[in-house]
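Reading the structure
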Amino acid sequence: MMTKVSEHFGPDSGEAITMRTLLRYRGIYGPHIPLGAAGQLDLILAGSDLAAELAPNVGCSEDDARDSVHSLRAHGMLLITDDGSPWLTVPPGTPYSAPNGEWAFVEKKAEAPAEPVPTG
């Protein structure tokens, strides 16, 4: 499918970039991609130093760090709060969850964007 998109629209076209992004998301999130959440997380990562800060700590590239952050999100270990800031979390019902088995917010990983980021 990616080959057909690249041949029809060009390998650097918006369509090809979108297809590559969706295929990357599918590898992380599985067949049911939360597009809004994944897109918002990408905007936060683009507007912060989070991937650059994580990469040397785990010995990987920024792209791999970005995918790792998405994986944390996919597994419920990273949530985006209402103000748009990402937090490392402990899901409910796990050994380190908050009292009464609720979400535990552990550490704020980046500030929320100061202003909405334009899309497109």
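As shown above, the structure is provided for reference.
So, here is what we can say about the structure in this document. (Residues numbered from 1 in each chain as written. Predicted model: local features only at pLDDT ≥ 70, side-chain atom pairs only at ≥ 80, totals over all residues. Heavy atoms only, no water.)

Note on placement: Tyr-25 falls in helix 2 (residues 14-29). Note: C-alpha distance between Tyr-25 and Glu-62 (37 residues apart in sequence) is 16 Å. Excluding residues that lie within four positions of it along the chain, Tyr-25 makes contacts with Gly-30, Ile-33, Leu-35, Ala-38, Gly-39, Asp-42 and His-70. From its side chain, Tyr-25 meets the backbone oxygen of Ala-38 in a polar contact 3.4 Å long. (Helix = DSSP H or I, 4+ residues; strand = E, 2+ residues; numbered from the N terminus. Contact = heavy atoms within 4.5 Å. Polar contact = N/O pair within 3.5 Å; in protein donor to acceptor, adjacent residues only side chain to side chain.)

Turning to the packing of aromatic side chains, a few remarks are in order. In the structure shown here, the tally under the stated rule is 2 aromatic pairs. Judged by centre distance (6.1 Å) and plane angle (85°), the rings of Tyr-25 and Tyr-29 are edge-to-face. Linking Tyr-25 with Tyr-29, this pair stays in helix 2, spanning 4 residues, or about one helical turn. Tyr-29 matches Tyr-25 in its accessibility class, with the two residues each being buried. Their ring planes at 85° and their centres at 6.0 Å tell us that Trp-87 and Phe-105 sit as a pair that is edge-to-face. Here Trp-87, found in strand 2 (residues 86-90), pairs with Phe-105, found in strand 3 (residues 104-108); they are 18 residues apart in sequence, far enough to count as distant. By relative accessible area, Trp-87 is classed as partly exposed at 24%. (Phe/Tyr/Trp six-rings, centres within 6.5 Å; stacked < 30°, edge-to-face > 60°. Buried < 20%, exposed > 50% of the residue type's maximum accessible area, 1.4 Å probe, protein only.)

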